[in-house]
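# Per-entry structural report
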Amino acid sequence: MPNTLKNSMQDPYPVPVFTVPSQATVSVPGSKSITNRALLLAALAQGNTRLENCLFSRDTEIMVTALNELGIETTSDRGSKCIDVQGAGGNIPNRKAAINIGNSGTSARFLTAMLAACTDGDFTLDGDEAMRKRPIQKLADTLASLDSQIDTTDGHFPIRIRSTGLSGGIAEVDATESSQFVSALLMAAPLAKEPIEVRLSNPSIRRGYIDMSLAMMEQFGMPASILGSHSDRYRISPHAYHAPADSYLVEGDASAASYFIALPFAVGGSITIEGVSKNSLQGDIAFADLAASSGGHLNWDSNALTVSLPENVSPLQFPPLDSDYYTFSDTFMTGAALAPLANGPTRIEGIGHTRHQECDRIAAMVDGLTQTGQSTQDTDSTLTVEPRPLQPATIETSEDHRIAMSFAILGSHDALKSGQSWMKIKDPLCCRKTFPSFFEVLESARQQSLES
């Protein structure tokens, strides 16, 4: 498929169907969550860091641009997937800047806390229309309790940060909207004047991404002894970040892997996904276990996963991917997109917070599934899908990459038994946020399968 596909795709994009079972090998890009955390930590570290297997996407480019505008020098090499960061040792060279954060949630939250920890800074952060609907007030309130002055726009962006550094002390945070609030605070906390105790107003929040942040802080020189972790609080002491002695390898994206883990359920066969590890830092790797519970066979290698569906567990025969998706909610859309092909109703729980992400993800999935002829019921935090015969549909993605990619997997199923495309995806380029080459990789898998 031409390399220009991602820049010249038909919109809406007709998803080609698989007319034979999958037999393919694909690679997923580096993790967005790890790339953006690594960029921030490398910027704060003493010394220079080479980041390998980085994701080059809209979100990570926003973070790189922001760091450059703050005076932190980076050098990117797309060909080798590497970014070199000249660490500023906890300092922000440019103390006044206006940063465009687009619709990058990680950039928005992480930069807000990092800039609040700066001394004598005056910064504004603003994003696109979708970002202006995403809440930031709870993080701003927590940072204000540590003596940082943050003015929001009715609890949203744009915001202005007039910082004098973080004072230390007790900071209570309500992270029910996003665990990124906690990760942002934890990564900025070593820059504070005194130890910070981050108390969780709701200890039941998702911990996977927080655990990832803590593990990465250790990888950038934070001794485990200063990273106190308890069931309802974290205690972080001041300490300098240091660049890793060797280059830092970004893991393959477990969320992106979920689409290809799901592919055999939609088209049959098997697929090998390179770049993912069973021992991943990413909580979304749990989707693989869910796939196994619904009949998928998993074979783990050191840096790859092969997923296959036995002949007696084919589309329209596998058990629903039911689960409480709370701790790996970025994959709930993948499970929901497979629901029309399951052998019974699919019930997905624990996803209320996803109504406040790139879009209202529950509402977007309800709309798309309804377009394909499915019967759905949803509450504030659940989604139930009753399988019905699939019908031709055009999917509104609401500028959400995960909506586009999830439905593309369903669209790969030969629903009309004719080999003809039956699903169209609006705004397919929204996938640039985390997986710019997604449709190219999916088409490669289809072509490999035809040639096998």
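All values reported here derive from a predicted model rather than from experimental measurement. (Residues numbered from 1 in each chain as written. Predicted model: local features only at pLDDT ≥ 70, side-chain atom pairs only at ≥ 80, totals over all residues. Heavy atoms only, no water.)

Quick look at the overall build of the protein chain now. For the protein chain, the count of helices and strands is 13 helices and 23 strands. Relative to the compact-globule value of 22 Å for 452 residues, the protein chain shows a C-alpha radius of gyration of 22 Å, a close match. Overall size of the protein chain, expressed as C-alpha extent along the three principal axes, is 65 × 45 × 40 Å. The buried share among the 452 residues of the protein chain stands at 57%. Looking at the protein chain alone, contacts between residues at least 24 apart form 75% of all its contacts between residues at least 6 apart. Roughly 16600 Å² of accessible area belongs to the protein chain as shown, and the carbon and sulfur atoms make up 45% of that amount. On the protein chain, the mean spot of the 34 positive side-chain charges and the mean spot of the 51 negative ones are 3 Å from each other. (Helix = DSSP H or I, 4+ residues; strand = E, 2+ residues; numbered from the N terminus. Rg over C-alpha atoms; globule rule 2.2 N^0.38 Å. Buried < 20%, exposed > 50% of the residue type's maximum accessible area, 1.4 Å probe, protein only. Contact = heavy atoms within 4.5 Å. Areas by Shrake-Rupley, 256 points an atom, 1.4 Å probe, with all protein chains shown as cover. Lys, Arg positive; Asp, Glu negative; His and termini not counted. Charge placed at Lys NZ, Arg CZ, Asp CG, Glu CD.)

Another point: the pairing of strand β20 (residues 375–378). Side-chain direction in a regular strand flips from residue to residue, so the side chains alternate between the two faces of the sheet. Bridge count between β20 and strand β21 (residues 383–386): four bridges; the pairing is antiparallel. Bridged to Ser-375 within β21 is Glu-386. Following β20, the chain reverses through four residues before pairing antiparallel with β21. (Pairing = 2+ DSSP bridges.)

Moving on to the side chain of His-353. Within the secondary structure, His-353 sits in the loop between β19 (346–349) and α11 (361–371). With a relative accessible area of 7%, His-353 lands in the buried category. At 2.8 Å, the side chain of His-353 forms a polar contact with the side chain of Ser-329. When residues no more than four places from it in sequence are discounted, the contact partners of His-353 are Thr-176, Glu-177, Arg-206, Tyr-326 and Ser-329. (Polar contact = N/O pair within 3.5 Å; in protein donor to acceptor, adjacent residues only side chain to side chain.)

Glancing now at the confidence of the model for the protein chain. It should be kept in mind that the predicted coordinates are not to be read in detail where pLDDT is low. For the protein chain, per-residue confidence averages 94 on the pLDDT scale, and residues scoring 70 or more make up 98% of the total. A low-confidence stretch, residues 1–7 stays under pLDDT 50, and its non-local contacts, those more than four residues away or across chains, total 10 contacts. (pLDDT = per-residue confidence, 0-100.)

Where helix α2 (residues 32–44) contacts helix α4 (residues 105–116), the axes come no closer than 11 Å and their chain directions differ by 20°. Relative to α4, the element α2 lies roughly parallel. Note that α2 runs across α4; the crossing there is right-handed. Side by side, α2 and α4 meet where Lys-32, Asn-36, Arg-37, Leu-40 and Leu-44 of the first sit next to Thr-106, Ser-107, Phe-110, Leu-111 and Met-114 of the second. Grouping the constituent residues of the contact of α2 with α4 by class yields five nonpolar, three polar and two charged. (Axes fitted to C-alpha atoms, helices over the stretch in contact; angles between N-to-C directions. Parallel < 35°, antiparallel > 145°, perpendicular 65-115°, else oblique. Left-handed = near helix turned anticlockwise from the far one by under 90°. Nonpolar A, V, L, I, M, F, W, Y, C, P; charged D, E, K, R; others polar.)

What follows is about helix α3 (residues 58–69). A rise of 1.5 Å per residue sets the reference length of α3, with its 12 residues, at 16 Å; its end C-alpha atoms lie 16 Å apart and thus fit the reference within 8%. The complete set of buried residues in α3 reads Asp-59, Thr-60, Ile-62, Met-63, Val-64, Ala-66 and Leu-67. Residues of α3 that are buried in the fold lie against α2, β4 (74–77), β5 (82–86), β6 (96–102) and α4. Among the residues trailing α3, Gly-71 stands out with phi positive, at a value near 90°. (Expected span 1.5 Å × (residues − 1).)

As a further point, take the nonpolar core. General note: in soluble globular proteins, nonpolar side chains tend to be found buried as a group. Counting 78 residues, the largest nonpolar core has Leu-111, Leu-125 and Met-217 as the members making the most contacts within it. If you tally residues by element for this core, the top one is α2, at eight residues. Discounting chain neighbours no more than four positions away, the residues touching Leu-111 are Leu-40, Met-63, Ala-66, Leu-70, Ile-99, Ile-101, Thr-106 and Leu-125. The next biggest cluster of nonpolar side chains, apart from the first, holds 76 residues, and it includes Val-313, Ala-336, Ala-339 and Ile-362. (Core = buried A, V, L, I, M, F, W, Y, C linked by side-chain atoms within 4.5 Å.)

Here we take up empty space enclosed by the protein. Counted by the stated rule, this structure contains four cavities of 30 Å³ or more. The volume enclosed by the largest cavity comes to roughly 320 Å³. Lys-32, Gln-180, Tyr-209, Asp-330 and Gln-357 are, among the 27 residues lining the largest cavity, the residues nearest its centre. Elements with a contribution of two residues or more to the lining of the largest cavity: α2, α4, α7 (208–219) and α12 (401–411). Broken down by class, the residue content of the lining of the largest cavity amounts to two nonpolar, 12 polar and 13 charged. (1 Å grid on protein atoms, 1.4 Å probe; cavity = no way out; pocket = protein on both sides within 12 Å on 5 of 7 lines; lining within 4 Å. Points joined across faces, edges and corners; volume = space filled by probe spheres on them.)

This part covers the sheet that holds strand β22 (residues 393–395). As summarised here, the arrangement of the three strands in space is β1-β23-β22, forming an open sheet in which the pairing is mixed. Pairing within the sheet leaves two strands with one partner each, and these edge strands are β1 (13–14) and β22. With three bridges connecting them, β22 and strand β23 (residues 423–425) associate as parallel partners. Bridge pairing in β23 places Thr-394 opposite Lys-424. Helix-sheet contacts for α12 involve β22 and β23, and the interaxial angle to β23 is about 160°.

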